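Residue strings, one per chain:
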There are 2 protein chains.
Amino acid sequence: MNSRAYPPPLQRLIDELARLPTIGPRSAERMALFLLNAPKEQTQALAQAMLAARQGIGRCAECHYFADQAVCPICAQKSVRQKQMCVVEYPQDVMAVEYTGKYKGLYYVLWGCLSPLDNTGPQDLPLRQLIERVQREGIEEVILATGSSREGEATALYVRQILQPLKIKISRIARGIPVGSTLGHSDRATLAEAMSGRQAIDR
Amino acid sequence: MNSRAYPPPLQRLIDELARLPTIGPRSAERMALFLLNAPKEQTQALAQAMLAARQGIGRCAECHYFADQAVCPICAQKSVRQKQMCVVEYPQDVMAVEYTGKYKGLYYVLWGCLSPLDNTGPQDLPLRQLIERVQREGIEEVILATGSSREGEATALYVRQILQPLKIKISRIARGIPVGSTLGHSDRATLAEAMSGRQAIDR
């Protein structure tokens, strides 16, 4: 055995931790040492939470968000939600919009966006079910909340196109300078969007 | 149930991950989402590595470093190691010195240092066993490699004092400016140490 390594069970833990996103070898080492010294219950709780989440979390049958039941907590409340539907790329985007506290409607998670480079075309996104769901729920406005990357924009345009026959309101989240930012820190494209998307304030 | 939270098993995983050092709520969220989408085998491997490390790793009976046997991999090789002993504060310090590739002796881990503020006195460190071990192994040089914090320095001084009756060579790792650093980036105390610890180069 190589003496310039931790004992095998510890090295294995470090290696597994280092496979997580944003965790480099140094962080993995620090986390592993922490787990070795933490109360046994804490390490067990983390390992069990990991297995339970991996086992128990699936996708909502209605909106494809995370769910530990057939439908997610948001769709389960749909009777008290507004007749709006926010279309996002990824499940974490749902949480981001929920945290704003400004939106009380439903969601629809595409789990991706149109990306020719990744070979993701319209047939790879659950768009037919989106149309069906908008009709079934009597949605009055669809808010396209995909990202403002090239792929996010293309996806928003495409979804707008396929929803247009439904004759409902379709909107796109605003682009502009981030709150708390200065103009000097904004790139030219963002600033151009912020200018053209300007809103009257004297009313 | 609060709709502004992830489904409970996922939220539990995020909360447990966020208890790890250097992991904020955002990183915990990213890691949890990654674990949900990763192959089931990977999540299981991580959970099992965690439990196995927590169960299977103890402290070396000789040097108190991590060990999955009675003695650690380094002490197991002591017949081919040099008669030096490097005294460090924490087990990760052993790995740091090993990685330099410049040291072929043994180690001794104090699992702490003298720190009046944390109520850690000499009786809380395994110092009697250190003396015994130095004698038993016929150690010829003890290298004090505690940190250069006030506590690390106090610990080094104290250990030097209790080892002095053994009449062996005792040394302290050098303090100075880090490799690749400029003088402008060094604090005054470090630079003072670097000056007083200067070494002749014209020989």
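Small disclaimer: the values here were computed from a predicted structure and weren't measured. (Residues numbered from 1 in each chain as written. Chains lettered and ligands numbered in written order. Predicted model: local features only at pLDDT ≥ 70, side-chain atom pairs only at ≥ 80, totals over all residues. Heavy atoms only, no water.)

Student: Outline the sheet that holds strand β6 (residues 169-172) of chain B, listing residues and values.
Tutor: Residue and element names in this part refer to chain B. Read across the sheet, four strands follow the order β4-β3-β5-β6 without closing on themselves; strand pairing throughout is parallel. The two strands at the open ends of the sheet, each matched to only one other strand, are β4 (106-109) and β6. Neighbour to neighbour, the strand axes of the sheet diverge by 20 degrees on average, direction disregarded. Along the sheet, helix α5 (residues 91-100) contacts β3 (84-88) and β4; its crossing angle with β4, the most-contacted strand, is approximately 155 degrees. Together, β5 (141-144) and β6 form the strand contacts of helix α7 (residues 150-163), whose direction differs from that of β6 by roughly 175 degrees. (Pairing = 2+ DSSP bridges. Helix = DSSP H or I, 4+ residues; strand = E, 2+ residues; numbered from the N terminus. Axes fitted to C-alpha atoms, helices over the stretch in contact; angles between N-to-C directions. Contact = heavy atoms within 4.5 Å.)

Student: Residues and numbers for the interface of chain A and chain B, please.
Tutor: Listed by partner, the interface residues are 57 residues for chain A and 57 residues for chain B. A combined buried area of about 5,600 Å² lies between chain A and chain B, and 71% of that area is made up of carbon and sulfur atoms. Summed over the shared surface of chain A and chain B, the result is zero salt bridges. On the surface where chain A and chain B come into contact, there are eight residue pairs in polar contact (both at pLDDT 80 or more). Elements that contribute at least two residues to the side of chain A that touches chain B include exactly α1 (8-17), α2 (25-37), α3 (40-56), β2 (66-67), α4 (73-76) and α5 (91-100) of chain A. A per-element tally of the side of chain A that touches chain B places α3 of chain A first, with 14 residues. (Buried area = accessible area lost by both parts, 1.4 Å probe. Salt bridge = Lys/Arg side-chain N within 4 Å of Asp/Glu carboxyl O. Polar contact = N/O pair within 3.5 Å; in protein donor to acceptor, adjacent residues only side chain to side chain.)

Student: Run through the pattern of salt bridges, naming residues and quoting values.
Tutor: Taken as a whole, this structure holds 20 salt bridges over all chains when the rule is applied. Residue Arg 19 of chain B pairs with Glu 16 of chain B through a salt bridge whose shortest N-O separation is 3.4 Å. Residue classification places Arg 19 of chain B among the partly exposed positions, given a relative accessible area of 43%. Among the salt bridges present, the one from Arg 172 of chain B reaches Glu 153 of chain B, with a minimum N-O distance of 3.3 Å. Of this pair, Arg 172 of chain B sits in strand β6 while Glu 153 of chain B sits in helix α7; the two residues are 19 residues apart in sequence, bridging distant segments of the chain. Judged by its relative accessible area of 23%, Arg 172 of chain B is partly exposed. When salt bridges with common partners are traced through the structure, they connect Glu 62, Lys 78, Arg 133 and Glu 137 of chain A into a single cluster. (Buried < 20%, exposed > 50% of the residue type's maximum accessible area, 1.4 Å probe, protein only.)

Student: Give a description of the packing of aromatic side chains that names residues and reports values.
Tutor: All names here are of chain A. Counted according to the given criterion, the structure contains 10 aromatic pairs over all chains. Seen in terms of ring centroids, Tyr 65 and Phe 66 are 5.8 Å apart; in terms of plane orientation they differ by 50 degrees. Their pairing is tilted. Tyr 65 gets classed as buried once you look at its relative accessible area, which sits at 1%. A residue is classified by how much of its surface remains accessible, and Phe 66, at 3% relative accessible area, is buried. It is Arg 59 that lies over the ring of Trp 111; its NZ or CZ is 3.6 Å from the centre. (Phe/Tyr/Trp six-rings, centres within 6.5 Å; stacked < 30°, edge-to-face > 60°. Lys NZ or Arg CZ within 6 Å of the ring centre and 35° of its normal.)

Student: Lay out unusual backbone geometry with the relevant residues and their values.
Tutor: Positive phi is not limited to glycine here, since His 64 of chain A has a value of about 70 degrees. Residue classification places His 64 of chain A among the buried positions, given a relative accessible area of 14%. The residue Asn 119 of chain B is not glycine, and still its phi comes out positive at about 65 degrees. Within the secondary structure, Asn 119 of chain B is located in the loop between β4 and α6 (127-136). Here Asn 119 of chain B falls in the exposed class, since its relative accessible area comes to 67%.

Student: Pulling in residues and values, what's your account of the side chain of Ser 115 of chain B?
Tutor: All names here are of chain B. Positionally, Ser 115 belongs in the loop between β4 and α6. Owing to a relative accessible area of 5%, Ser 115 belongs among the buried residues under this scheme. With sequence-adjacent residues up to four places away left out, Ser 115 is seen in contact with Thr 120 and Glu 151.

Student: Can you break down the side chain of Glu 62 of chain A residue by residue, with the values?
Tutor: Residue and element names in this part refer to chain A. Looking at the secondary structure, you find Glu 62 in the loop between β1 (58-59) and β2. Of note is the side chain of Glu 62, whose polar atom sits 3.0 Å from the side chain of Lys 78. Ignoring anything within four residues of it in the chain, the contact list for Glu 62 reads Val 71, Cys 75, Lys 78, Tyr 108, Arg 133, Arg 136 and Glu 137.

Student: Give me the lowdown on the sheet that holds strand β6 (residues 169-172) of chain A, citing residues and values where you can.
Tutor: All names here are of chain A. Here we have four strands laid out as an open sheet, ordered β4-β3-β5-β6, and parallel in their pairing. Pairing within the sheet leaves two strands with one partner each, and these edge strands are β4 (106-109) and β6. Averaged over all neighbouring strand pairs, the angle between strand axes comes to 20 degrees, with direction disregarded. With four bridges connecting them, strand β3 (residues 84-88) and β4 associate as parallel partners. When the sheet's bridge partners are listed, Met 85 is paired in β4 with Leu 106. Here α5 sits on the sheet in contact with β3 and β4, set at roughly 155 degrees to β4.

Student: Could you give an account of the domain arrangement of chain A, naming the residues involved and the relevant values?
Tutor: According to the domain assignment, chain A contains domain 1 (8-56) and domain 2 (59-200). The distance between the C-alpha centroids of domain 1 of chain A and domain 2 of chain A comes to 34 Å. (Domains from an automatic or database assignment.)

Student: Explain the nonpolar core to me, and be specific about the residues and the numbers.
Tutor: Grouped together as the largest cluster of nonpolar side chains are 75 residues, with contacts concentrated most on Leu 17 and Tyr 65 of chain A together with Leu 17 and Tyr 65 of chain B. Apart from the residues lying within four places of it in its own chain, the contact partners of Tyr 65 of chain A are Gly 58, Arg 59, Cys 60, Cys 72, Ile 74, Pro 91, Val 94, Met 95 and Val 109 of chain A together with Tyr 6 of chain B. (Core = buried A, V, L, I, M, F, W, Y, C linked by side-chain atoms within 4.5 Å.)

Student: Give me the packing of α3 of chain A against helix α3 (residues 40-56) of chain B: which residues, what numbers.
Tutor: One way to put it is that α3 of chain A packs onto α3 of chain B with a least axis distance of 9 Å and a crossing angle of 165 degrees. Overall, the two elements α3 of chain A and α3 of chain B adopt an arrangement that is roughly antiparallel. In the packing of α3 of chain A onto α3 of chain B, the handedness of the crossing is left-handed. When α3 of chain A is examined against α3 of chain B, the residues Lys 40, Thr 43, Gln 44, Leu 46, Ala 47, Met 50, Leu 51, Arg 54 and Gln 55 of chain A are found in contact with a partner set consisting of Lys 40, Thr 43, Gln 44, Leu 46, Ala 47, Met 50, Leu 51, Arg 54 and Gln 55 of chain B. Its residues assigned to classes, the contact of α3 of chain A with α3 of chain B comprises eight nonpolar, six polar and four charged. (Parallel < 35°, antiparallel > 145°, perpendicular 65-115°, else oblique. Left-handed = near helix turned anticlockwise from the far one by under 90°. Nonpolar A, V, L, I, M, F, W, Y, C, P; charged D, E, K, R; others polar.)

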